[in-house]
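# Fold and contact review
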Amino acid sequence: MRFKRFFWPSGHTIRLYKMGCANRPYYQLAVLEARKRPGRVPDEVIGTFEMMENERNERLFAVDCERLMFWMGKGAKLSKGASALLGYAGLLEAGPESLLTAWRVRLQAENPEAPEVKQGKGRYTEDLRKRGIVVI
């Protein structure tokens, strides 16, 4: 006898879809079929991200949380960029890559000549593990 799954993983991904022109790009948080190429029309747009800063040095991000939870409940997977952006916004748990990037930017702002800023990306994770900041 076969066991039925409670949900089937859908063939959809939630990813950032670039729009606009070369001088003023913006991104849409869109639901696409996993096998579709990025240049295709999305199934649904659930949010926008204005990459360029406005007059108050803010980057604007708007998302329909209801539709986001609907698609995630259906089994849609998040791309790296979308999960990082949702982690920065506080809608999802921030991943280790987001924490590393935030730590690196904060360290560079405090001391641009710090040796951790100049070393390679792989050494960041080693250094953070030694300090006990991130456990992966």
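Chains are numbered independently. Their residues run from 1 in the order of the written sequence. Since the coordinates come from a predicted model, pLDDT governs what is reported: local features require at least 70, and pairs of side-chain atoms require 80 or more to be given and counted, while whole-chain, interface and lining totals use all residues. Remark: hydrogens and water are excluded; side-chain values derive from all non-hydrogen atoms of the structure.

## Digging into the overall build of the protein
Note the cut-off: Helix and strand assignments come from DSSP, with helices taken as H or I runs of at least 4 residues and strands as E runs of at least 2, each series counted from the N terminus. Think of it in three bands: with a 1.4 Å probe and only protein chains considered, a residue is buried below 20% of the maximum accessible area for its type, exposed above 50%, and partly exposed in between. The contact criterion used throughout is that any non-hydrogen atoms of two residues lie within 4.5 Å. Note on areas: these come from Shrake-Rupley sampling with a 1.4 Å probe, and a residue is covered only by the protein chains present in the view.
Looking only at helices and strands, the protein has five helices and five strands in total. Across the 136 residues in the protein, those meeting the buried criterion constitute 27%. Long-range pairs, those at least 24 residues apart, make up 33% of the contacts in the protein with a sequence separation of at least 6. Working note: accessible area of the protein is about 10100 Å², and carbon and sulfur atoms make up 54% of it.

## With respect to the nonpolar core
Stated formally: We define a nonpolar core as any set of buried Ala, Val, Leu, Ile, Met, Phe, Trp, Tyr and Cys residues linked to one another through side-chain atoms lying within 4.5 Å.
By size, the foremost hydrophobic cluster in this structure holds nine residues: Ile14, Leu29, Val31, Ile46, Leu68, Trp71, Ala76, Ala82 and Leu86. Contributing elements (two or more residues each) for this core: β2 (25-33), α1 (65-73) and α2 (80-89).

## Things to note about the pattern of salt bridges
Oppositely charged side chains can form a pair if their charged atoms are brought close together. Where we set the bar: The rule for a salt bridge is simple: a side-chain nitrogen of Lys or Arg has to be within 4 Å of a carboxyl oxygen of Asp or Glu.
Counted under the stated rule, the structure contains three salt bridges. Across the salt bridge formed by Glu50 and Arg24, the nearest N and O atoms sit 3.2 Å from each other. One end of the pair, Glu50, is in strand β3 (residues 44-50); the other, Arg24, is in the loop between β1 (12-20) and β2, with 26 residues separating them in the sequence. Since its relative accessible area comes to 22%, Glu50 is described here as partly exposed.

## Concerning the layout of surface pockets
For clarity, the threshold we go by: A 1.4 Å probe that fits into a set of points on a 1 Å grid over the protein atoms alone but cannot get out defines a cavity; an open set with protein on both sides within 12 Å along at least five of seven lines defines a pocket, and lining residues are those with an atom within 4 Å of a point. Grid points are joined across faces, edges and corners, and a volume is the space filled by probe spheres set on the points. Under this grouping Gly is polar, as are all residues other than the nonpolar Ala, Val, Leu, Ile, Met, Phe, Trp, Tyr, Cys and Pro and the charged Asp, Glu, Lys and Arg.
What the largest pocket holds in volume is close to 160 Å³. Around the largest pocket sit Lys80, Gly81, Ser83, Ala84, Tyr88, Gly95, Pro96, Glu97, Ser98 and Thr101, which together line it. Elements with a contribution of two residues or more to the lining of the largest pocket: α2 and α3 (96-110). Counting residues per element, the lining of the largest pocket draws most heavily on α2, which supplies five residues. Looking at side-chain class alone, the lining of the largest pocket contains three nonpolar, five polar and two charged residues.

## Observations regarding the side chain of His12
Defined as follows: Pairing of N or O atoms within 3.5 Å defines a polar contact, subject to two protein rules: one partner must be a possible hydrogen donor and the other a possible acceptor, and residues neighboring in sequence count only if both atoms are side-chain atoms.
Within the secondary structure, His12 sits in strand β1. Residue His12 is classed as buried on the basis of its relative accessible area of 19%. A distance of 3.1 Å separates a polar atom in the side chain of His12 from a polar atom in the side chain of Asp43. Apart from the residues lying within four places of it in its own chain, the contact partners of His12 are Val31, Leu32, Glu33, Ala34, Asp43, Trp71, Ala76 and Lys77.

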